[in-house]
Amino acid sequence: QVQLVESGGGLVQPGGSLRLSCVASDPASGSRLGVYRMGWYRQAPGKERELVAHISNDGTTNYADSVKGRFTISRHYAENTVYLQMNSLKPEDTAIYYCNALALPITHLAPSEFWGQGTQVTVSS
């Protein structure tokens, strides 16, 4: 089973910055784990989960309009790691941030989506 381990959440003041990281791994697949797309979603209290940003293997990125110009997604392809640099944070960015990956472990016949446990980001003075 593909595991996504997130880190980097926390409490920050408005206007501040945070960097989230997520590593995808599968003990059964090892280096044969195929990862096609990685990204971040978030869910605020009382709201549905929404896309923040994702990045494909060819480097194509997609951002939610609300974070364009403030957040930057990047990947370390060899290490199946995705980062989200969040600058100029606003209180409305407060949410649980979930790592997402479209991956193909050796136990699967087709790529599937996998999710991390989530990391809390709170923007407050």
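Residues numbered from 1 in each chain as written. Predicted model: local features only at pLDDT ≥ 70, side-chain atom pairs only at ≥ 80, totals over all residues. Heavy atoms only, no water.

Enquirer: It is not clear to me how the state of the cysteines should be interpreted in this structure. Could you clarify?
Expert: Working definition of a disulfide: a covalent bond connecting the sulfur atoms of two cysteines. Under the definition given, this model contains 1 disulfide. Each sulfur of the disulfide joining cysteine 22 and cysteine 99 lies 2.0 Å from the other. The disulfide joining cysteine 22 to cysteine 99 has a torsion of about -85° about its S-S bond and is therefore left-handed. Of the two residues, cysteine 22 is situated in strand 3 (residues 18–25) and cysteine 99 in strand 9 (residues 95–104); the sequence distance between them amounts to 77 residues. (Disulfide = S-S within 2.5 Å. Helix = DSSP H or I, 4+ residues; strand = E, 2+ residues; numbered from the N terminus.)

Enquirer: Just checking my understanding: could you explain the packing of aromatic side chains for this structure?
Expert: Where two aromatic rings form a pair, the distance of their centres and the angle of their planes describe that pair. For the structure shown, the criterion picks out 1 aromatic pair. Ring plane angle 65° and centroid distance 5.0 Å describe the contact between tyrosine 41 and tryptophan 115, whose orientation is recorded as edge-to-face. Residue tyrosine 41 is found in strand 4 (residues 34–43), and its partner tryptophan 115 is found in strand 10 (residues 112–115); the two are separated by 74 residues along the sequence. By relative accessible area, tyrosine 41 is classed as buried at 19%. One residue, arginine 19, lies across the ring of tyrosine 83, its end atom 4.1 Å from the ring centre. Lying across the ring of tryptophan 115, arginine 49 places its NZ or CZ 4.7 Å from the centre. (Phe/Tyr/Trp six-rings, centres within 6.5 Å; stacked < 30°, edge-to-face > 60°. Buried < 20%, exposed > 50% of the residue type's maximum accessible area, 1.4 Å probe, protein only. Lys NZ or Arg CZ within 6 Å of the ring centre and 35° of its normal.)

Enquirer: Is there a simple way to think about the sheet that holds strand 7 (residues 71–76) in this case?
Expert: The strands making up a sheet are joined through hydrogen bonds of the backbone, oriented either antiparallel or parallel. Pairing is antiparallel in the open sheet, where 4 strands are placed in the order 1-3-8-7. Two strands close off the open sheet at either side, each with one partner strand: strand 1 (3–7) and strand 7. Each adjacent strand pair in this sheet contributes to an overall mean axis angle of 15°, direction not counted. (Pairing = 2+ DSSP bridges. Axes fitted to C-alpha atoms, helices over the stretch in contact; angles between N-to-C directions.)

Enquirer: What is the right way to read the pairing of strand 1 from this model?
Expert: One face of the sheet, then the other: side chains in a regular strand alternate in exactly this way. Only one face of strand 1 is buried, namely the one carrying Leu4 and Glu6, since none of Gln3, Val5 and Ser7 on the opposite face is buried. Two strands pair when backbone bridges link them, and strand 1 and strand 3 are joined in this way by 5 bridges, in the antiparallel orientation. In the strand pairing of strand 3, glutamine 3 is matched with serine 25.

Enquirer: Any chance you could explain the environment of lysine 47 here in plain terms?
Expert: Mapped onto the secondary structure, lysine 47 falls in the loop between strand 4 and strand 5 (50–56). With 15 residues separating them in the primary sequence, lysine 47 and arginine 32 have C-alpha atoms 37 Å apart.

Enquirer: What am I meant to see in the layout of surface pockets here?
Expert: The method is simple in principle: a probe with the dimensions of a water molecule rolls over the atoms, and the space it marks as empty is what remains. Looking at the largest pocket, its volume works out to about 170 Å³. Taken together, 13 residues line the largest pocket, and the ones lying closest to its centre are Arg42, Lys47, Glu50, Glu92 and Asp93. (1 Å grid on protein atoms, 1.4 Å probe; cavity = no way out; pocket = protein on both sides within 12 Å on 5 of 7 lines; lining within 4 Å. Points joined across faces, edges and corners; volume = space filled by probe spheres on them.)

Enquirer: Got a minute to help me understand the environment of arginine 75 in this structure?
Expert: Inspection of the secondary structure assignment puts arginine 75 in strand 7. Separated by 20 residues in the primary sequence, arginine 75 and isoleucine 55 have C-alpha atoms spaced 7.6 Å apart. Aside from chain neighbours lying at most four places away, what touches arginine 75 is Val35, Tyr36, Arg37, Met38, Ile55, Ser56, Asn57, Thr81 and Val82. A distance of 2.9 Å separates polar atoms of two side chains, one belonging to arginine 75 and the other to asparagine 57. (Contact = heavy atoms within 4.5 Å. Polar contact = N/O pair within 3.5 Å; in protein donor to acceptor, adjacent residues only side chain to side chain.)

Enquirer: Help me understand the environment of alanine 24, please; the structure alone is not making it clear to me.
Expert: Along the chain, alanine 24 turns up in strand 3. With a relative accessible area of 5%, alanine 24 lands in the buried category. Sequence-distant contacts of alanine 24, that is, excluding residues within four places in its chain, are made with Gln3, Leu4, Leu33, Met38 and Asn80.

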